[in-house]
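What follows is the residue order along each chain.
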Amino acid sequence: MKQTSLINLFQNAFRRGIRHPKYRWAMIVGTLLYLASPLDIVPDALPILGWIDDGVLATLLISEVCQFMLEKQKNHISADAFATAHAIDIEAEPI
């Protein structure tokens, strides 16, 4: 039986939320609001533990948004390369 940790479940849910076009902005704004709000899962009154949940969430947000942007750019570049490879030169001179 495969066991998945609570961290992996949270990370996979966050990743699916960021990549879903309908929920993407809600996840980004919700994460930023959570990071800015004084309410936390672990209060910041606990010096180290209070900062860990914010750090993990910020790291997840940054890595997923960067990965999404890189994939989007890669798809855009490959689509441009495909269009350029199939271009026809209409100003060619006959021999």
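(A) Representation of the packing of helix α1 (residues 6-19) against helix α2 (residues 24-36) within the structure. Look at α1 against α2: their axes get within 6 Å of each other, and the N-to-C directions meet at 125 degrees. With respect to α2, the axis of α1 lies oblique. Residues Phe 14, Gly 17, Ile 18 and Arg 19 of α1 lie in contact with α2, whose contacting residues are Arg 24, Met 27, Ile 28 and Thr 31. Residue composition of the contact of α1 with α2, by class: four nonpolar, two polar and two charged.

(B) The pattern of salt bridges, seen in detail. Tallied over the full model, the rule gives three salt bridges. Between Glu 64 and Arg 19 there is a salt bridge; the shortest N-O distance is 3.5 Å. Here the residue Glu 64 occupies a position in helix α3 (residues 49-85), and Arg 19 occupies one in helix α1, the gap between them amounting to 45 residues. Exposure remark for Glu 64: the relative accessible area of 2% places this residue in the buried category. For Glu 71, the salt bridge goes to Arg 19, with nearest N and O atoms at 3.0 Å. A residue pair is termed long-range when its members are at least 10 positions apart, and Glu 71 in helix α3 and Arg 19 in helix α1 qualify at 52 residues. On the basis of relative accessible area, Glu 71 is assigned to the partly exposed category, the value being 34%.

(C) Inspection of the side chain of Asp 54 at higher detail. Note on placement: Asp 54 falls in helix α3. For Asp 54, which is buried and forms no salt bridge, the nearest opposite charge comes from Arg 15, at a distance of 19 Å. Among all residues touching Asp 54, those that are not within four sequence positions of it are Tyr 34, Leu 35, Asp 40 and Asp 44.

(D) Spotlight on α1. Across its 14 residues, α1 extends 20 Å between first and last C-alpha, which sits within 8% of the 20 Å expected from 1.5 Å per residue. Within the sequence span of α1, burial applies to Phe 14, Gly 17 and Ile 18. In a view along the axis of α1, the buried residues occupy a sector of 95 degrees, so they form one face of it.

(E) Seen up close, the confidence of the model for the chain. Confidence in the prediction for the chain averages 80 pLDDT; 84% of positions are at 70 or higher. Within the chain, the element-level pLDDT minimum falls on α3, averaging 81, and the maximum on α2, averaging 88.

(F) Broad picture of α2. The terminal C-alpha atoms of α2, which comprises 13 residues, lie 19 Å apart, in line with the 18 Å expected from a rise of 1.5 Å per residue. Looking only at α2, the buried set comprises Arg 24, Ile 28, Thr 31 and Tyr 34. In an axial view of α2, the angular spread of the buried residues amounts to 130 degrees, which keeps them on one side of the axis. Exposed residues pointing more than 90 degrees away from the buried face of α2 are listed as Trp 25, Ala 26, Leu 33 and Ala 36.

Cut-offs and rules
Residues numbered from 1 in each chain as written. Predicted model: local features only at pLDDT ≥ 70, side-chain atom pairs only at ≥ 80, totals over all residues. Heavy atoms only, no water. Axes fitted to C-alpha atoms, helices over the stretch in contact; angles between N-to-C directions. Helix = DSSP H or I, 4+ residues; strand = E, 2+ residues; numbered from the N terminus. Parallel < 35°, antiparallel > 145°, perpendicular 65-115°, else oblique. Contact = heavy atoms within 4.5 Å. Nonpolar A, V, L, I, M, F, W, Y, C, P; charged D, E, K, R; others polar. Salt bridge = Lys/Arg side-chain N within 4 Å of Asp/Glu carboxyl O. Buried < 20%, exposed > 50% of the residue type's maximum accessible area, 1.4 Å probe, protein only. Lys, Arg positive; Asp, Glu negative; His and termini not counted. Expected span 1.5 Å × (residues − 1). Arc of directions from axis to C-beta. pLDDT = per-residue confidence, 0-100.

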